[in-house]
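# Observations on the model geometry
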Amino acid sequence: LERIMSNNVGKSSYPRDAVIVQAIRTPLCRARKGGLAKLPPATLLSTVLRGVLLKDPQRTKSEYSCDDYLVPPESVQDICVGNVLSPPTAAVSFRMAALSSNIPHTTSISTTNRQCSSGLQAIANIAHAIQCGSINIGIGAGAESMSMNPMHELYEKFPPEVDWDEMQTCKNSKKVMDCLIPMGVTSENVSKNYHLDRRTLDDFAAKSHQKAARAQSLGKFKPEIIPVGDVAQDDGIRPATTADKLAKLKPVFDKKNGSTTAGNSSQLTDGAAAVLLMSREEAGKRKLPILGVWKSFAVEGVPPKIMGVGPVYAIPSALAKASLSTDDIDVYEINEAFASQAHYSIHTLKLDPAKVNPNGGAIALGHPLGCTGARLVVTLLNEMRREKKRRGVVSMCIGTGMGAAAVLEVDDMRSAL
C-alpha cells in the first residue's frame, strides 16, 4: 500500500483513492439528561447506518424504495464501528443493528476501540481497505451511549487484566502506571506543565459555546443531522455561557490549585455518526458527488500523564504524509476533550484560531467517545462544502497517551470522474 500511494504522490487523483460520498450524524445529547439517554447505542448506530445510505437522510419513512438509496445496501461490503464504553457484547449488538438497518447478512462488520479516536480509526480502517483493494464500498462509523455505559463505571466493571506486581516493578513502571491516571488529572498536568491559567481555559470554553450557538441558530448543523425519533438537534449548547460565569465553577480534579472544571471540559454525551466510503473509481461509475477524499492518517504516542498533547504530534505527522504544512489547511476540527489540551495544541502548532472548530467543539457539543472521530469528519466535510474550502484536518488526543489525525480534501463540487 505504501508503495502504491508513494507512486501516486503529486497526482491529483487515483482510481483507488478512498472517497466519502455521504456523511451524517445523530444529534449529540447530554448523557443521562438529554434526548437520547434512554436509547441503547445499537439504536443510535442503526439510525446512522440506515441514513448514510440514503439520498436524503433527513427524510424518514417507514419503508424505502430502491430510488431512495444513494447505493443499494447490498453493495456495502464491510462496516467498521468505533466504540469505547460498551461491553464486549457490542460486537453482537452492532451486528444486530446493521441487520435491522436493511443491510444484508452478506455485509460484514467489526468494532474497533482506540479510545477517543475510535470513530476516526473506524473510518481509517475502511479507507485503507479501499485503498489497498480489499473492498470497494464500506461504512466507517462511531457510536456511544454514555448514559447506558457511564465512563466512571468502566474500571469498576472491567479493571485492566494485568499482573499488577509486574506492572508496578518493571523498568518502565512509572509510564505503565501513568496509563491509569484519570483524564481530568492529565488535563491538570498539561495546565501545570505548560503554565496555562484558568482564565485562558474559561475563555476558550466560552468561545466554544458561542460558536456552536451561532452555528445552530444559523442552521449549519441541520444538513449533517439525522433525527432520532423527535430529537433533531444538539442539546448541550449553552448560548448564554461566558467566561465570567465559568469562572464561578470549582475545579474538579485539583480542588485547591486546579484549573479544569466541568465548564471547560467536554460534555458527557450520547450520539452516533457514519460516513459512506468507496473507491474513486466506484464513485465515478455510480456518478456520485464526492464530499471528500481521504488523504492521510497518523497516530503518534505521547507520555500517558499528558495524553492531551497528542494532536501536537499527530497533526504534523498526518500533514507530512500528505506533503502538506499547517498553512495549507483551511479548517481544523480538533476535539476539545479539555480546554487545556485543545488550547495548548492550537497554540503550540501556531494554528490560526479562526480556522479551528469554527462551529464550536466538544465543550459545547459533547464528546461521545467512540462517536467523536466520525462526528468530527461529518462536521468538517459539511463545513468545507458549505464554505467552499479545500483541505481539512481532524484530530484528537487519546487516553493512555496518543494522538490521532487525518487529512481530508475536497476535489470540487462536480460529480466524481
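## Thoughts on the overall build of the chain
On a plain count of helices and strands, the chain comes out with 15 helices and ten strands. Relative to the 2.2 N^0.38 estimate, which gives 22 Å for 417 residues, the radius of gyration of the chain is 20 Å and therefore close to what a compact globule would have. When the backbone C-alpha atoms are referred to their principal axes, the chain occupies close to 60 × 50 × 45 Å. Here the chain holds 417 residues, and the buried ones make up 56% of them. The contacts in the chain between residues at least 6 apart in sequence include a share of 81% that link residues at least 24 apart. Carbon and sulfur atoms form 52% of the exposed surface of the chain, whose accessible area is close to 17900 Å². Within the chain, one finds 49 positive and 41 negative side-chain charges whose respective centroids are separated by 4 Å.

## Focus: the environment of proline 303
With respect to the element layout, proline 303 can be found in the loop between β7 (292-301) and α12 (310-321). A sequence separation of 39 residues divides proline 303 from alanine 342, and the C-alpha atoms of the two residues are 16 Å apart.

## Comments concerning unusual backbone geometry
Residues other than glycine seldom take positive phi values, yet lysine 350 does so here, at roughly 55°. Accessibility expressed as a relative area gives 74% for lysine 350, which makes it exposed. Not every positive phi belongs to a glycine, and lysine 388 is a case in point at roughly 55°. You can see lysine 388 is positioned in the loop between α15 (369-387) and β9 (391-398). The class for lysine 388 is exposed, based on a relative accessible area of 69%.

## Notes on the packing of aromatic side chains
Applying the stated criterion across every chain yields a total of three aromatic pairs. A ring pair is formed by tyrosine 194 and tyrosine 344, whose centres lie 4.1 Å apart and whose planes are at 25°; its orientation type is stacked. Of the two residues, tyrosine 194 sits in the loop between α8 (183-193) and α9 (198-217) while tyrosine 344 sits in helix α13 (residues 339-348), which places them 150 residues apart along the sequence. For tyrosine 344, a relative accessible area of 13% translates into the label buried. An angle of 35° between the planes, with centres 5.9 Å apart, marks the rings of tryptophan 294 and phenylalanine 297 as tilted. We classify tryptophan 294 as buried; its relative accessible area is 2%. Here phenylalanine 297 falls in the buried class, since its relative accessible area comes to 11%. Cation over ring: arginine 25 sits above phenylalanine 221, and NZ or CZ is 5.4 Å from the ring centre.

## Some remarks on the layout of surface pockets
Considering only enclosed or pocket space, the largest pocket measures out at about 1100 Å³ in volume. The wall of the largest pocket is formed by 36 residues, among which Met151, His152, Pro182, Met183 and Leu369 lie closest to the centre. Where the lining of the largest pocket is concerned, the elements lending two or more residues are α5 (154-157) and α8. Residues that form the lining of the largest pocket fall into these classes: 23 nonpolar, eleven polar and two charged.

## A look at the side chain of serine 191
With respect to the element layout, serine 191 can be found in helix α8. Serine 191 gets classed as buried once you look at its relative accessible area, which sits at 3%. Setting aside chain neighbours within four positions, we find serine 191 in contact with Leu196, Leu201, Ser259 and Ser340.

## What about helix α4 (residues 118-131)?
End to end, α4 covers 20 Å across 14 residues, agreeing with the expected 20 Å (1.5 Å per residue, within 8%). With twelve of 14 residues buried, α4 is to be regarded as a mostly interior element. Three or more residues of α4 are buried, namely Ser118, Gly119, Leu120, Gln121, Ala122, Ile123, Ala124, Ile126, Ala127, Ala129, Ile130 and Gln131. Positive backbone phi, approximately 90°, marks glycine 133, located one or two places after α4.

## Quick notes on the pattern of salt bridges
Throughout the structure, instances matching the rule amount to 17 salt bridges. With a shortest N-O distance of 4.0 Å, arginine 30 and aspartate 235 are connected by a salt bridge. A residue pair is termed long-range when its members are at least 10 positions apart, and arginine 30 in strand β2 (residues 29-30) and aspartate 235 in the loop between α9 and α10 (243-246) qualify at 205 residues. Relative accessible area serves as the criterion here: at 26%, aspartate 235 is assigned to the partly exposed category. A salt bridge links glutamate 153 to lysine 157; its shortest N-O distance comes to 3.2 Å.

## Let's talk about the confidence of the model for the chain
Caution applies to low-pLDDT regions: their predicted coordinates should not be interpreted in detail. Per-residue pLDDT for the chain has a mean of 95; in total, 96% of the residues score no lower than 70. Taken together, the stretch residues 1-10 has pLDDT below 50 and engages in nine contacts with residues farther than four places along the chain or on a different chain. Long-range and interchain partners of residues 413-417, a stretch whose pLDDT sits below 50, account for eleven contacts in this model, where long-range means more than four residues apart.

## Observations concerning the nonpolar core
Counting 44 residues, the largest nonpolar core has Leu120, Trp294, Val377 and Leu408 as its most contacted members. Apart from residues no more than four positions distant in its own chain, leucine 120 is found in contact with Trp294, Phe297, Gly373, Ala374, Val377, Val394, Met396, Ala404, Ala405 and Ala406. With 39 residues, the next largest nonpolar core counts Ala42, Ile79, Ile137 and Ala141 among its residues.

Reading the values: the criteria
- Residue numbers restart at each chain and count upward from 1, following the sequence in its written direction.
- In view of the model being predicted, local features appear only for residues whose pLDDT reaches at least 70, and side-chain atom pairs are presented and counted only at 80 or more, with totals across whole chains, interfaces and linings using the full set of residues.
- Each side-chain value is worked out from all heavy atoms of the structure, with water and hydrogens disregarded.
- Elements are defined by DSSP. Helices are runs of H or I of four residues or more, strands are runs of E of two residues or more, and each kind is numbered from the N terminus.
- Computation of the radius of gyration draws on C-alpha atoms, with the globule rule given as 2.2 Å multiplied by the number of residues to the power 0.38.
- Buried means the residue's accessible area, taken with a 1.4 Å probe over protein chains only, is under 20% of the maximum for its type, while exposed means over 50%, and partly exposed covers the values in between.
- Note on definitions: a residue-residue contact is assigned when non-hydrogen atoms from the two residues lie within 4.5 Å.
- The Shrake-Rupley method, run with a 1.4 Å probe, gives the accessible areas here. Residue values count only the displayed protein chains as cover.
- Only four residue types enter the tally: Lys and Arg on the positive side, Asp and Glu on the negative side, with His and both chain ends excluded.
- Note on charges: their place is set at NZ of Lys, CZ of Arg, CG of Asp or CD of Glu.
- Stacked, tilted and edge-to-face are the three classes applied to pairs of Phe, Tyr and Trp rings, where Trp contributes its six-membered ring and a pair requires centres within 6.5 Å; stacked means planes under 30 degrees apart, edge-to-face means over 60, and tilted covers the rest.
- Criterion for a charge above a ring: Arg CZ or Lys NZ at most 6 Å from the ring centre, at most 35 degrees from the ring normal.
- Note on definitions: the grid is 1 Å and covers protein atoms alone; a cavity is a set of points where a 1.4 Å probe fits but cannot get out; a pocket is an open set with protein on both sides within 12 Å along at least five of seven lines; lining residues have an atom within 4 Å of a point.
- Grid points are joined across faces, edges and corners, and a volume is the space filled by probe spheres set on the points.
- Residue polarity follows a fixed list, in which Ala, Val, Leu, Ile, Met, Phe, Trp, Tyr, Cys and Pro are nonpolar, Asp, Glu, Lys and Arg are charged, and the others, Gly among them, are polar.
- Residue count minus one, scaled by 1.5 Å, sets the expected span of a helix.
- Put simply, a salt bridge is a Lys or Arg side-chain nitrogen that is within 4 Å of an Asp or Glu carboxyl oxygen.
- A residue's pLDDT is the confidence the predictor assigns to it, expressed on a 0 to 100 scale.
- Side-chain atoms within 4.5 Å are what join buried Ala, Val, Leu, Ile, Met, Phe, Trp, Tyr and Cys residues into a set we call a nonpolar core.

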